[in-house]
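Structure assessment
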Amino acid sequence: MTLSASSKFVLPAAIACGIVFAVMTVPLAVMGESQVGIRIEEESFFNGKLRDVAAPYVVFATLISFGAGISVAALTRLQQLSSNSLNDKNKLAQLEKNLLHKEKFLEEFKLSESRLQALGLSSFLNDQSMVKDSSELKISTAVSE
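First, a word on what this report is: a plain description of the structure on this page.

**Observations concerning a nonpolar patch on the surface**
A cluster of nonpolar side chains, namely Leu11, Ile15, Ile19 and Val23, defines an oily patch on the protein surface of about 380 Å² accessible area. Note on placement: Val23 falls in helix H1 (residues 5-30). When its relative accessible area of 57% is taken as the criterion, Val23 is described as exposed.

**A few points about the side chain of Ser65**
Positionally, Ser65 belongs in helix H2 (residues 54-110). Taking the relative accessible area as the measure of exposure, Ser65 reaches 2% and is therefore buried. At a separation of 2.8 Å, a polar atom in the side chain of Ser65 contacts the main-chain carbonyl oxygen of Thr62. With sequence-adjacent residues up to four places away left out, Ser65 is seen in contact with Cys17, Val20 and Phe21.

**Considerations on the pairing of strand E1 (residues 35-40)**
Strand direction decides the pairing type here: E1 and strand E2 (residues 43-49), joined by six bridges, are antiparallel. From the neighbouring strand, Arg39 faces E2, where its bridge partner is Ser44. In sequence, E1 turns back onto E2 through a hairpin of two residues, with Glu41 there showing a positive phi of about 50°.

**Let's talk about unusual backbone geometry**
Its identity as a non-glycine residue notwithstanding, Glu41 has a phi of 50°, on the positive side. Within the secondary structure layout, Glu41 lies in the loop between E1 and E2. For Glu41, a relative accessible area of 74% puts it in the exposed group. Even without glycine at this site, Glu42 takes up a positive phi of about 65°. The topology assignment puts Glu42 in the loop between E1 and E2.

Rules behind the numbers
Residues numbered from 1 in each chain as written. Predicted model: local features only at pLDDT ≥ 70, side-chain atom pairs only at ≥ 80, totals over all residues. Heavy atoms only, no water. Patch = residues over 30% accessible without salt bridge, like charges linked within 9 Å, V, L, I, M, F, W, Y side chains within 5 Å. Areas by Shrake-Rupley, 256 points an atom, 1.4 Å probe, with all protein chains shown as cover. Salt bridge = Lys/Arg side-chain N within 4 Å of Asp/Glu carboxyl O. Helix = DSSP H or I, 4+ residues; strand = E, 2+ residues; numbered from the N terminus. Buried < 20%, exposed > 50% of the residue type's maximum accessible area, 1.4 Å probe, protein only. Polar contact = N/O pair within 3.5 Å; in protein donor to acceptor, adjacent residues only side chain to side chain. Contact = heavy atoms within 4.5 Å. Pairing = 2+ DSSP bridges.

Below is the structure:
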């Protein structure tokens, strides 16, 4: 079974969201009947059962779980983009290698004997007057260094 591109990062995010929400709300479900007393600076702020203050806690747990889901989706997408970038870099390197190989082949073809003969430039192949004397060649290379 293959997943679509959006499912590849939505599904893990939804699972993470559900797990975080479950972990945060299980204690509330287990200890819901417990008596709670909330005091701020020796003043009683709330006295009652834990279920009576559950609504704000569930809202908090929901926000945290959505944040976890969004984070997982973003990280999954970032990992996918990184993988795509690496694949693109590898393809680019391969294309550059192929291009250099083809450029080298074209240069060899431009200077090949069969091409020069086809263009009617075979006189350049056999003409010894075009070749410099070896002493001149040595002098010119020594001067250029």
